[in-house]
Amino acid sequence: MSISHQLSSHPLIIPRNLHSSSSSISSPIRMLTFLPFFSKSISFDPVKDIPSLAGKVILVTGGNSGLGKQSVLDLARHSPAQIYLCARNVEKGHAAAEDIKKQVPGANITVLELDLASFDSIKKAASTVLALSQRLDILLANAGIMYADPAQTAEGYELQFGTNHMGHALLVKLLLPLLTKTAETPLEDNTTPSVRVIFLSSMAHMFLWKKDAVTFDDCLKSPGDNISWMTRYARSKLSNLLYARALAKRYPNLTVVAVHPGGVRTSLIEDASKASIVTKIMSRFLAPVEQGVRNQLWAATAKAGVVSGEYYEPVGLKGMRSGNAKDEGLAEKLWEYTEKELEGHSL
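Residues numbered from 1 in each chain as written. Predicted model: local features only at pLDDT ≥ 70, side-chain atom pairs only at ≥ 80, totals over all residues. Heavy atoms only, no water.

Draft legend 1. Quick look at the pairing of strand E5 (residues 138–141). Both faces of E5 are covered, namely the face carrying Ile138 and Leu140 and the face carrying Leu139 and Ala141. In terms of strand pairing, strand E2 (residues 57–60) meets E5 through three bridges, oriented parallel. Across the sheet, the residue bridging to Val60 is Leu140, located in E5. Note: E5 against strand E7 (residues 196–200), four bridges, orientation parallel. Looking at E7, one finds that Ala141 is bridged to Phe199. (Buried < 20%, exposed > 50% of the residue type's maximum accessible area, 1.4 Å probe, protein only. Helix = DSSP H or I, 4+ residues; strand = E, 2+ residues; numbered from the N terminus. Pairing = 2+ DSSP bridges.)

Here is the structure:
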């Protein structure tokens, strides 16, 4: 099985056959907005605009490379109390942490082994966090996969849906008591914390016809061999977006959003260039990781402007959702399906 597993960036990939919801903005001009020089954006410089993170505890999934590693680095520069760097490959996680510490001496980084395709691994990581920390201020659900061959997770979910959505949903569920407790616990300066849960979604959620949206049938517990890798990926990213909205609705004391990072030049582009000649050409114009990380860092740390339940494209642009992503009924069905599937999975 050949997969790009637990990657820490989700750049926009233009598939050979574009599938878009009928109510989404799908013109060629719209597709160009993922390029940095076509994108309107609010101004956000991580060096200057991330406030002090003193006393805060942060968890980043997929923190060993790409946008995840860059997120840990940029956040570490603002003195949080602790950062959990989660990685499927713990050796790569430690290597990333050591590299970050060379640039930010004294950074308190704890490496956690986390395989989002395994509920056992997720429970072990969550148990460690709950045992070691009294608070959790930012959960950045950054990791994910794409270009995966048809396969299933340890629990039998289609690999991309199971990893990108179900894995993160279980992690959030297990850490919700700590997140909500933190929202009610003042910081050292007596200010009320703004607890953030950020899901890395993708503009790829637009590459679905209505009939291809999440259907909650047996296809979610199959390898998905009769579905293209892009449809499987787009379903998982739509699920991230819808789940963020449903979670925000139920936990108003948390700030929960989904973000698209834009077109980012990461190692993933090597695979993308093989998948599409259009992507190979577009990849020359993609933003470096240092720029691509800004949207998720803005959502995780900005003092104002981040609205819970929203979906943002770079940087801070809201309202760019497909028809599927605006479907309240679909969001509720996904929530109910996810809750039922996670019944009995506790610590």
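Draft legend 2. Spatial organisation of the side chain of Arg232. Summarising the element assignment, Arg232 is placed in helix H7 (residues 229–250). A polar atom in the side chain of Arg232 sits 3.4 Å from the side chain of Glu158. Residue contacts for Arg232: discarding those within four places in its chain leaves Ala148, Asp149, Pro150, Glu158, Gln160, Pro223, Gly224 and Ile227. (Polar contact = N/O pair within 3.5 Å; in protein donor to acceptor, adjacent residues only side chain to side chain. Contact = heavy atoms within 4.5 Å.)

Draft legend 3. Region of interest: the sheet that holds E2. Read across the sheet, eight strands follow the order E4-E3-E2-E5-E7-E8-E11-E12 without closing on themselves; strand pairing throughout is mixed. Where the open sheet ends on each side, the last strands, each with one partner, are strand E4 (109–113) and strand E12 (317–318). Bridge analysis of strand E11 (residues 311–313) against E12 gives two bridges, and the strand direction is antiparallel. Within E12, the residue paired with Glu313 across the bridge is Leu317. Contacts from helix H5 (residues 119–132) reach E2, strand E3 (82–87) and E4, with the element oriented near 150° to E4. (Axes fitted to C-alpha atoms, helices over the stretch in contact; angles between N-to-C directions.)

Draft legend 4. Just the pattern of salt bridges, in detail. Applying the stated criterion to the full structure yields eight salt bridges. With a shortest N-O distance of 2.9 Å, Asp137 and Arg135 are connected by a salt bridge. Residue Lys221 is joined to Glu341 by a salt bridge in which the shortest nitrogen-to-oxygen separation is 3.1 Å. Taken together, the residues Lys221 in the loop between E7 and H7 and Glu341 in helix H12 (residues 328–341) connect sequence positions 120 residues apart. The class for Lys221 is partly exposed, based on a relative accessible area of 41%. (Salt bridge = Lys/Arg side-chain N within 4 Å of Asp/Glu carboxyl O.)

Draft legend 5. Inspection of the nonpolar core at higher detail. Counting 65 residues, the largest nonpolar core has Leu59, Leu175, Leu179 and Phe199 as the members making the most contacts within it. Here this core takes twelve residues from helix H6 (residues 159–183), the largest share from any one element. Val72, Val104, Leu200 and Val306 belong to the second largest nonpolar core, which has 36 residues in total. (Core = buried A, V, L, I, M, F, W, Y, C linked by side-chain atoms within 4.5 Å.)

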